[in-house]
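Reading the structure
What follows is each chain in one-letter form.
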Amino acid sequence: TRKRVEAGRVLHLDGGDPEVGIWASKVARESDIPVILDADTPVPGTAELLAHVDFPIVSHTFAETFFGTRDPREALRGLSSYGARMAVVTLGEFGALARLGDREIESPAYRVPVADTTGAGDVFHAAFAFALLEGFDAEGCLRAANAAAGMNCRAVGAQGGLATRAELE
């Protein structure tokens, strides 16, 4: 409902239902609530949804499929063309690459002993939202997201290695 969206401090979308995502994004933006998109697989309506998202965070497979390129920098330019405040392409064990205006930001992954990568992408998005709400700058948001995703890979299961706030700091 409208009240639920307005009650939040950030809106996180998964892109599975672009029509609902567009509606919720409009409500969020009217309330100055930042909109984050977690996109892994393009669906009909994804392009329209991108025009309503502040922080599209997409996997490298999404970037290749949607933009037809293996070059994440080219995909970032494409994401930015939809009006993103900051566009991000996740690169798994290589970290993430972002575009903020005309500036590109490389954020390497942290090296950790990996037990299981299940959930790393979801943790990346959650930590990015946390850092954004805490007022971190662009580089800080990416560092926090990469650190949390990496730490989660230390144990088996989607939430097996979730970092505490102290560990993340």
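The notes below deal with the structure included here. (Residues numbered from 1 in each chain as written. Predicted model: local features only at pLDDT ≥ 70, side-chain atom pairs only at ≥ 80, totals over all residues. Heavy atoms only, no water.)

**Notes on unusual backbone geometry**
When glycine is set aside, most residues are seen to have a negative phi, and most peptide bonds are trans. Our working rule: A run of H or I in DSSP becomes a helix once it reaches four residues, and a run of E becomes a strand once it reaches two; helices and strands are each numbered from the N terminus. For every residue, the accessible area (1.4 Å probe, protein chains only) is compared with the maximum for its type, and the residue is labelled buried under 20%, exposed over 50%, or partly exposed between those bounds.
One non-glycine residue, Asp-32, adopts positive backbone phi at about 55 degrees. For Asp-32, the location among the structural elements is in the loop between helix H2 (18–30) and strand E2 (35–39). On the basis of relative accessibility, which here comes to 72%, the residue Asp-32 falls in the exposed class.

**Section: helix H6 (residues 120–133)**
Side chains three or four residues apart in an α-helix point the same way, a direct result of the helix having 3.6 residues per turn. The criterion, for reference: Here the expected span of a helix is defined as 1.5 Å times the quantity of residues minus one. Residue contacts are defined here by distance: any two heavy atoms, one from each residue, within 4.5 Å place the two residues in contact.
When the terminal C-alpha atoms of H6 are compared, their 20 Å separation across 14 residues agrees well with the 20 Å that a helix rising 1.5 Å per residue should span. Of all the residues in H6, the buried ones are Ala-120, Val-123, Phe-124, His-125, Ala-127, Phe-128, Ala-129, Ala-131 and Leu-132. Looking at the buried positions of H6, the neighbouring elements they touch are strand E1 (11–13), E2, strand E3 (55–59), strand E4 (87–90), strand E5 (96–100) and helix H7 (138–152). Note on H6: the residue one or two positions beyond its end, Gly-135, has a positive phi of about 85 degrees.

**Comments concerning the pairing of strand E6 (residues 103–107)**
Our working definition: In short, DSSP must find at least two bridges between two strands for them to pair.
Here five bridges tie E5 to E6, and the two strands are oriented antiparallel to one another. Counted as the bridge partner of Ala-96 is Ser-107 from E6. Adjacent in sequence and paired antiparallel, E5 and E6 are bridged by two residues, among which Gly-101 carries a positive phi angle near 65 degrees.

**Digging into the side chain of His-125**
As for its placement among the helices and strands, His-125 is situated in helix H6. Apart from the residues lying within four places of it in its own chain, the contact partners of His-125 are His-12, Leu-37, Asp-38 and Ile-57.

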